[in-house]
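# Residue-level structural notes
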Amino acid sequence: MFLCVETTRSYSMEKSYMVTDSEGGYRSMESNRRKRKKMESGSQKVKRGGRWRTEAEQQIYSAKLVEAITKVRRSSAPAAAVHRGRAVREAADRVLAAAGKGRTRWSRAIMTSRVGLRLRKRRKVTVTGNNRLRKPAVSKQEPPLKRRVRVLGRLVPGCRKLSFPNLLEEATDYIAALEMQVRAMTALAELLAGTGASSSNLQPPSC
Amino acid sequence: MSSRRSRSRQPGVSRISDDQIADLVSKLQQLIPEIRNRRSDKVSASKVLQETCNYIRNLHREVDDLSDRLSALLASTDTDSDQAAIIRSLLM
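Residue indices begin from 1 for each chain and proceed along its sequence in written order. Chains and ligands are labelled by the order in which they are written, letters from A for the one and numbers from 1 for the other. Owing to the predicted nature of the model, reporting of local features is limited to residues with pLDDT of at least 70; listing and counting of side-chain atom pairs is limited to 80 or more, with chain, interface and lining totals taken over all residues. Only hydrogens and water are set aside; all other atoms, that is, all heavy atoms of the structure, feed into the side-chain values.

### A look at the overall build of chain B
In DSSP terms, a helix is any run of H or I states spanning at least four residues, a strand is any run of E spanning at least two, and both are numbered starting from the N terminus. Within chain B, the regular secondary structure consists of four helices and zero strands. The order of helices and strands in chain B, counted from the N terminus, is α-α-α-α. The classification of residues rests on relative accessible area computed with a 1.4 Å probe and restricted to protein chains. Under 20% of the type maximum is buried, over 50% is exposed, and intermediate values are partly exposed. Residues counted as buried form 38% of the 92 residues belonging to chain B. Intrachain contacts of chain B at a sequence separation of at least 6 include 6% that bridge at least 24 residues. In the form shown here, chain B has an accessible surface area of approximately 5,100 Å², with 46% of it arising from carbon and sulfur atoms. We call two residues in contact when some of their heavy atoms are within 4.5 Å. Values of accessible area rely on a 1.4 Å probe in the Shrake-Rupley scheme; residue burial ignores everything except the protein chains shown.

This is the structure in structure tokens:
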């Protein structure tokens with residue numbers, strides 16, 4: 001996969017649009033331009049899908065991911081496949097959060113909560129639902145819109161108590177990051193499956 | 001929308017206007033492939049939120065599946081030289 005070539009091309013093409021914003025990186029302005037046409041063109045500081053869509057970002061993430069996963073495999077080597085998978089998942093999330101450079105709440109939440117929670121299910125975060133500390137009128141009483149907002153707040157790490165606009169912002173960034181994570185892990189899996197000789201045939205293809 | 005909604009513990013944030021909310025919802029709308037592909041501008045906020053939650057859950061599930069798959073794949077490629085080759089090909 002010639003990811004490097006594409007990266008160079010997109011950068012040189014969009015030189016006039018190059019913006020180094022506070023994120024410290026330049027986004028793929030091509031996709032940003034497309035998005036900008038659909039969405040509001042005013043705000044430039046908002047983190048849209050932009051920075052998560054660059055090839056560079058994905059490459060960096062992939063490399064760090066391989067490092068992290070290799071460490072996971074080497075370090076404890078839990079016997080059960082379930083635990084191994086979960087360890088990989090948490091490593092992947094940690095690296096993803098680190099890539100966010102702490103600028104978003106969800107990334108900070110992941111970085112602070114994951115350490116030492118290796119074998120706990122991620123669902124722990126969502127199980128401590130909104131019924132305990134919230135207002136007494138809950139679930140069936142409230143309008144479905146509010147309920148959905150709460151559900152969304154539970155899904156995005158660390159965003160349960162966030163205001164609605166902030167929650168939407170976090171969700172927007174989180175979704176873009178997750179998409180990149182899926183892309184990177186898929187590519188990595190395909191790469192490994194390709195080089196993994198005959199043992200890869202033992203694994204049923206995930207669909 | 002009344003000001004009694006749960007939000008805004010930050011003193012600097014003023015009351016959230018409907019326009020602001022609609023704006024954010026439309027922005028979110030563009031990210032969800034399902035809604036984006038339908039090319040409909042008349043999606044309700046509730047629907048957007050619902051699809052967003054579903055989408056995030058789907059992404060989580062995908063990552064979980066990929067994690068399992070990757071852990072199995074990595075277990076089978078035991079040599080470190082494979083890892084190095086992978087990283088090299090990743091970074092080209």
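### Regarding the overall build of chain A
The number of helices and strands found in chain A is eight helices and zero strands. Starting at the N terminus and walking to the C terminus, you meet the elements of chain A as α-α-α-α-α-α-α-α. Sequence-distant contacts, at least 24 apart, represent 60% of the contacts inside chain A between residues at least 6 apart. If you sum the accessible surface of chain A, you get close to 10,800 Å²; carbon and sulfur atoms cover 56% of it.

### Topic: the nonpolar core
Here, nonpolar core refers to any group of buried Ala, Val, Leu, Ile, Met, Phe, Trp, Tyr and Cys residues whose side-chain atoms link them within 4.5 Å. Within the largest apolar cluster, 58 residues are counted, with the highest numbers of intra-cluster contacts made by W106 and L152 of chain A. Those elements that place two or more of their residues in this core are α3 (55–75), α4 (81–99), α5 (105–113), α7 (144–155) and α8 (164–195) of chain A together with α1 (18–31) and α3 (45–76) of chain B. Sorting elements by how many residues they give to this core places α8 of chain A first, with 16 residues. When residues no more than four places from it in sequence are discounted, the contact partners of L152 of chain A are L167, L168 and A171 of chain A together with L49, T52, C53 and I56 of chain B.

### What to know about the side chain of T54 of chain A
Residue and element names in this part refer to chain A. With respect to the helices and strands, the residue T54 is situated in the loop between α2 (29–38) and α3. Accessibility expressed as a relative area gives 6% for T54, which makes it buried. Between N or O atoms, a polar contact is any pair within 3.5 Å; within protein, one atom must be a potential hydrogen donor and the other a potential acceptor, and residues adjacent in sequence are included only when both atoms are from side chains. A polar contact of 3.1 Å, which involves the side chain of T54, links it to the backbone nitrogen of E57.

### Comments concerning the pattern of salt bridges
Put simply, a salt bridge is a Lys or Arg side-chain nitrogen that is within 4 Å of an Asp or Glu carboxyl oxygen. Counted under the stated rule, the structure contains five salt bridges over all chains. The salt bridge partner of R51 of chain A is E57 of chain A, with a shortest N-O separation of 3.8 Å. The pair formed by R51 of chain A and E57 of chain A is uniform in burial state, with each residue classed as buried. Note that E179 of chain A is salt-bridged to R53 of chain A, the shortest N-O span being 2.8 Å. Of this pair, E179 of chain A sits in helix α8 while R53 of chain A sits in the loop between α2 and α3, placing them 126 residues apart in sequence. Here the salt bridges do not stand alone but share partners, grouping R89 and D93 of chain A together with D64 of chain B into one network.

### Some words on the environment of R89 of chain A
Residues and elements named next belong to chain A. Here R89 is to be found in helix α4. Residue classification places R89 among the buried positions, given a relative accessible area of 3%. The spacing of R89 and I69 is 20 residues in sequence and 9.0 Å in space, taken between C-alpha atoms.

### Here's the deal with α5 of chain A
If you check which residues of α5 of chain A are buried, you get W106, S107, A109 and I110 of chain A. Projected down its long axis, α5 of chain A shows its buried positions confined to an angular sector of 160°, all on one face. Here the arc refers to the directions that run from the helix axis out to each C-beta atom.

### Points about unusual backbone geometry
It is generally the case that most residues other than glycine have a negative phi and that most peptide bonds are trans. Of note, K101 of chain A is a non-glycine position whose phi angle comes to about 60°, a positive value. Along the chain, the position of K101 of chain A falls in the loop between α4 and α5.

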